[in-house]
Amino acid sequence: MNDQQTEDAPQGVSEYRAQRMLNMEKLREAGYAPFGGAFHTTGRLSEIRAAFEEDAGVRAAGRLVTIRKMGKSIFADLHDGTDRFQIFVQKNTLGEEAFAAFKLLDVGDLVGVAGELFVTRMGEQTIRIEEWTLLAKSLLPLPEKWHGLKDVDARYRQRYLDLISNEDVREVFLTRIRIIEEIRSFLKGRGFLEVETPMMQQQAGGAAARPFVTRYHALDTDMYLRIAPELYLKRLLVGGFDRVYELNRNFRNEGLDRTHNPEFTMLEIYQAYTDVSGMRELIECLITHVAQEVLGTLVIGEGEDALDLTPPWRSATYRELVCEEMGADWYDQSRETRLTAARERGLDLAEDSSEIGITHEVYEKLIERKLVQPTFVTRLPAELIPLARRSDDDERTVDVFELVIKGQEIAPAYTELNDPLEQRARLESQAGDDAQAVDEEFLTALEHGMPPAGGMGVGVDRLVMLLTGSEAIRDVILFPQLKPR
RNA sequence: GGAGGCGUAGCUCAGUUGGCAGAGCAGCGGACUCUUAAUCCGCGGGUCCAGGGUUCGAGCCCCUGCGCCUCUACCA
């Protein structure tokens, strides 16, 4: 017994724990070792249910999540990660001693059982237990069975309790897992190779964000956790891997909120010999495929707020949307007129905001968040996106789209810039004010010739939020970042 | 970083105008061999987030700190 832990625990908890320790000792004396080893089962609970046949003998293992004692018989529910299954324990079938020992079990204990299948009078499939064994004694109480665990802090810090007691939470994460499997399967079907590129980088490039810094002692140098894999994936395009993707974590040193976690999952896709329109077809197929396979529908939610993913999705240029919102003559107005108009619409803008800055604020605050149904916003101003190719017919814009769904940017895609000279100029002009250095090795790679390509980044957590109807990113990340205790 | 809200039993939550700290679930004892939020009888359980202040008296009012939530800021 670990006295230290008992003493450190709050008074109330230790009483519950002491009671369970006592039950554990009584079980030990009755010949039930409190922490058992492997237990051979005839299948997981979902499999046992699928192959249900009255009077068939089965062996199952799981956690007791409820126990209903009725004198000389007991009903309990066993939970194993695939299903919940009722078990029935009778004094007659089990014998005096094994039945008495069973009564010492607590909610939360892990047990292995063997018995025969039957259907109760109420019609529930049940295992009548003939033998049982203790697999792990639970020393701490589970959250309340009816209301579940509500305390948000505890839900994230002790996600295992959240998963045990809140079925809908389990369901969201199972859906997330299936979504990611379907993304991989879809991309494999189109000939893409999944690759892994450095998470620790000497320069954090491919996006504009503050990186996390760490120390590499062997080289006596600072390293950065990547903010994007983009520049390495493009090196692979140069190297002849002409359809690649990476589905993994990025790290950005930013605040925490409903839609931001400092480490988040990004899908970046690059395909040679296509362009932004190829990416458009790709993402529309990818998302509708995933929704259809995982959810079985393209309509999410009900009524006015329902999200309809049925293609084709709306497409509108950035300029059209801005004019629609602020008037057709917006781009003819002076900077001062635009500033005044934007402020009248409630935007908080600095006196020296640039024309592009004002317009972009209008886009982000007044337009983007109103775009509920899937919308490709195209032809963004070149200044905003240094890694994209300029439009052939207008050098002020680049060949890109941002896919916006439910007011959130889900996937930006570009026709990638493969001119090393222009790429250098645009990175240098952007690096000016920022501490971010230009990645020379990336530029060297481009000088060897990168095929024309379309590229895209998909915020996987946000996509999962959309498809699961989750309000917050931390509801789709198993262990979201929290302030240290 | 700024503004607002919240913090009470293991869990979910009440707590009136400042006047003895409450319920349900869980736990313990008892009854009960088809229950499923089992039921019935009885019992125990509190650093009211922490520290300070006002008051005869603080869970409640004031101040400071901590944690969480929402909005906001930062964020290709």
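Q: Outline the overall build of chain A, supporting the account with residue identities and numerical values.
A: For chain A, the count of helices and strands is 16 helices and 20 strands. Its C-alpha atoms give chain A a radius of gyration of 29 Å, clearly above 23 Å, the size a compact globule of 485 residues would have. Dimensions of chain A, computed from C-alpha atoms along their principal axes, come out at roughly 90 × 55 × 50 Å. Every one of the 485 residues in chain A was classed for burial, and the buried ones make up 47%. In chain A, the share of contacts with a sequence separation of at least 24, taken over all contacts with a separation of at least 6, comes to 63%. As presented, chain A carries roughly 24,900 Å² of accessible surface, and 49% of it is formed by carbon and sulfur atoms. Averaged over its 58 positive side-chain charges, chain A has a centre that lies 6 Å from the centre of its 84 negative ones.

Q: Summarise unusual backbone geometry; cite the residues concerned and give the values.
A: Trans peptide bonds make up most of the peptide bonds, and negative phi angles are found at most residues other than glycine. Of note, the bond from Pro311 into Pro312 is cis; its omega dihedral lies within 30 degrees of zero at 0 degrees. When you line up the elements, Pro312 lands in the loop between strand E13 (307–308) and strand E14 (314–317). A positive phi is found at Asp55, a non-glycine position, where the angle reads about 75 degrees. Inspection of the secondary structure assignment puts Asp55 in the loop between helix H3 (45–50) and strand E1 (57–69). In the Ramachandran plot, Arg379 falls in the positive-phi region, its phi being about 55 degrees despite a non-glycine side chain. Within the secondary structure, Arg379 sits in the loop between strand E15 (375–378) and strand E16 (390–391).

Q: Can you break down the protein's contact with RNA strand B residue by residue, with the values?
A: Around RNA strand B, the surrounding shell holds 48 residues, and the nearest of these are Tyr16, Asn92, Lys145, Glu254 and Gln430. Taken together, the sugar and phosphate atoms account for 53% of what RNA strand B places within 4 Å of the protein. Between a phosphate oxygen of RNA strand B and a main-chain N or O atom of Ala208, the distance comes to 2.7 Å. Elements supplying a minimum of two residues to the surface near RNA strand B: helix H2 (11–29), E1, strand E2 (73–79), strand E3 (84–90) and helix H6 (152–157).

Q: Please set out the nonpolar core residue by residue, giving values where relevant.
A: Ranked by size, the top nonpolar core spans 43 residues in total, and within it Ile183, Leu267, Ile283, Leu309, Phe401, Leu403 and Met456 carry the most contacts. Secondary structure elements with two or more residues in this core: helix H8 (167–189), strand E10 (243–251), strand E11 (263–272), helix H10 (276–294), strand E18 (400–405), strand E19 (408–415), strand E20 (453–459) and helix H16 (460–468). Sort the elements by how many residues they give to this core and H10 lands first, with 9 residues. Among residues more than four places away in sequence, those in contact with Phe401 are Val276, Met279, Arg280, Ile283, Phe376, Val377, Thr378, Ala411, Pro412, Ala413 and Met456. Ranked by size, the runner-up nonpolar core spans 40 residues in total, among them Leu347, Val362, Val438 and Ala453.

Q: Mind laying out the domain arrangement of chain A, listing which residues take part and the relevant values?
A: Interface size, as often reported, equals the accessible area lost upon joining of the parts. One can read the domain layout of chain A as domain 1 (13–146) and domain 2 (164–313 + 373–475). On a C-alpha basis, the centroid separation for the pair domain 1 and domain 2 is 47 Å. Carbon and sulfur atoms supply 54% of the area buried between domain 1 and domain 2, which totals about 410 Å² over both sides. Joining domain 1 to domain 2, the criterion identifies 0 salt bridges. At the boundary of domain 1 and domain 2, one finds 1 residue pair in polar contact (both at pLDDT 80 or more). Residue classes in the side of domain 1 that touches domain 2 are distributed as 2 nonpolar, 3 polar and 1 charged.

Q: Mind laying out the sheet that holds strand E9 (residues 221–225), listing which residues take part and the relevant values?
A: Pairing within the open sheet is antiparallel, and its 3 strands lie in the order E7-E9-E8. One side of each edge strand has no neighbouring strand; the edge strands of this open sheet are strand E7 (200–201) and strand E8 (213–216). By the bridge criterion, 4 bridges tie E8 to E9 in an arrangement that is antiparallel. Paired with Tyr216 across the strands is Thr221, a residue of E9.

Q: Explain the sheet that holds E19 residue by residue, including any values.
A: Strand order in the open sheet made by the 8 strands is E6-E10-E11-E20-E19-E18-E15-E14, with mixed pairing throughout. Taken across any chain shown, the strands that pair with only one partner, and hence form the sheet edges, are strand E6 (193–194) and E14. Sheet strands touched by helix H9 (residues 230–238): E10, E11, E19 and E20. Its angle to E11, the strand with the most contacts, is close to 25 degrees.

Q: Tell me about the environment of Ala316, and name the residues and values.
A: Residue placement: Ala316 occurs in strand E14. For the pair formed by Ala316 and Ile385, sequence separation is 69 residues and the distance between their alpha carbons is 18 Å. When residues no more than four places from it in sequence are discounted, the contact partners of Ala316 are Leu321, Phe376, Val377 and Thr378.

Q: Please give an account of the packing of aromatic side chains that cites residues and values.
A: Evaluation of the coordinates by the stated rule reveals 7 aromatic pairs. Ring centres of Phe88 and Phe118 lie 5.8 Å apart, and the angle between their planes is 50 degrees; on these two criteria the pair is classed as tilted. Of the two residues, Phe88 is situated in strand E3 and Phe118 in strand E4 (residues 110–119); the sequence distance between them amounts to 30 residues. There is no split in this pair, since Phe88 and Phe118 are both buried. By the ring-pair criterion, three or more aromatic residues cluster together here, those being Tyr32, Phe102 and Trp132. Stacked on the ring of Phe39, the Lys or Arg Arg59 has its end atom at 4.4 Å from the ring centre. In this structure, Arg319 is placed above the aromatic ring of Tyr331, and the distance from its NZ or CZ to the ring centre is 4.2 Å.

Parameters at a glance
- Residues numbered from 1 in each chain as written.
- Chains lettered and ligands numbered in written order.
- Predicted model: local features only at pLDDT ≥ 70, side-chain atom pairs only at ≥ 80, totals over all residues.
- Heavy atoms only, no water.
- Helix = DSSP H or I, 4+ residues; strand = E, 2+ residues; numbered from the N terminus.
- Rg over C-alpha atoms; globule rule 2.2 N^0.38 Å.
- Buried < 20%, exposed > 50% of the residue type's maximum accessible area, 1.4 Å probe, protein only.
- Contact = heavy atoms within 4.5 Å.
- Areas by Shrake-Rupley, 256 points an atom, 1.4 Å probe, with all protein chains shown as cover.
- Lys, Arg positive; Asp, Glu negative; His and termini not counted.
- Charge placed at Lys NZ, Arg CZ, Asp CG, Glu CD.
- Near = heavy atom within 4 Å.
- Polar contact = N/O pair within 3.5 Å; in protein donor to acceptor, adjacent residues only side chain to side chain.
- Core = buried A, V, L, I, M, F, W, Y, C linked by side-chain atoms within 4.5 Å.
- Domains from an automatic or database assignment.
- Buried area = accessible area lost by both parts, 1.4 Å probe.
- Salt bridge = Lys/Arg side-chain N within 4 Å of Asp/Glu carboxyl O.
- Nonpolar A, V, L, I, M, F, W, Y, C, P; charged D, E, K, R; others polar.
- Pairing = 2+ DSSP bridges.
- Axes fitted to C-alpha atoms, helices over the stretch in contact; angles between N-to-C directions.
- Phe/Tyr/Trp six-rings, centres within 6.5 Å; stacked < 30°, edge-to-face > 60°.
- Lys NZ or Arg CZ within 6 Å of the ring centre and 35° of its normal.

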